Amino acid sequence: MIEYGNPILEGKPPIKTMEDTEGIPIPDPYKDGLYPGYLWAYREYRRILDEYKIPLPVWGSVCVGPVLLPMMGMMGWAEFGLALRKKPELARRCLDLATEWLIRYGKVIIDEAKPDGIYM
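Residues numbered from 1 in each chain as written. Predicted model: local features only at pLDDT ≥ 70, side-chain atom pairs only at ≥ 80, totals over all residues. Heavy atoms only, no water.

1. Thoughts on the nonpolar core
Argument step 1. In this structure, I15, Y42, M74, M75, C94, W101 and Y105 are the most contacted members of the largest nonpolar core, which totals 25 residues.
Argument step 2. Looking at this core, the elements with two or more residues in it are α1 (35–51), α2 (68–74), α3 (77–86) and α4 (88–113).
Argument step 3. At 11 residues, α4 tops the list of elements feeding residues into this core.
Argument step 4. Ignoring sequence-local partners within four residues, the contact set of W101 consists of I26, P27, P29, Y35 and L69. (Core = buried A, V, L, I, M, F, W, Y, C linked by side-chain atoms within 4.5 Å. Buried < 20%, exposed > 50% of the residue type's maximum accessible area, 1.4 Å probe, protein only. Helix = DSSP H or I, 4+ residues; strand = E, 2+ residues; numbered from the N terminus. Contact = heavy atoms within 4.5 Å.)

Put into structure tokens, the structure is as follows:
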């Protein structure tokens, strides 16, 4: 992850082989990137709506999705598309890592914001 940022691709795609996926840490939304700030904003929004009994829903966003994340941040758009045919085990590993992140982040959003709905 870039400092003070979301997990985005900075430079050339970092994953080209299965070996590149070994040891990749899954970000912690409580401490990595801008996610602690997002969580604070979600908590505050929920607190204000509840405190003043404002009838608005809280929607949680768990973007970018398990397919777009490998394309945008792990392998690159074209490389991921090619890997689906030529290196399916590598594409699957990237999808598994992305899904693990999204599940972790989604659970944190549920715990912290208690949203009325979540979208991806």
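Next comes the rest of the account.
2. Observations regarding the pattern of salt bridges
Argument step 1. Across all of its chains, the model carries 6 salt bridges by this definition.
Argument step 2. For R47, the salt bridge identified is with E44, shortest N-O distance 2.9 Å. Taken as a pair, R47 and E44 lie in helix α1 at a separation of 3 residues, close to a single helical turn.
Argument step 3. A salt bridge links D96 to R92, with the shortest nitrogen-to-oxygen separation between them at 3.0 Å. Pair noted here: D96 and R92 are both in helix α4, with a separation of 4 residues, about one helical turn.
Argument step 4. With relative accessibility at 55%, the residue R92 sits in the exposed group.
Argument step 5. Several salt bridges share partner residues, and in doing so they unite E44, R47 and E51 into one network. (Salt bridge = Lys/Arg side-chain N within 4 Å of Asp/Glu carboxyl O.)

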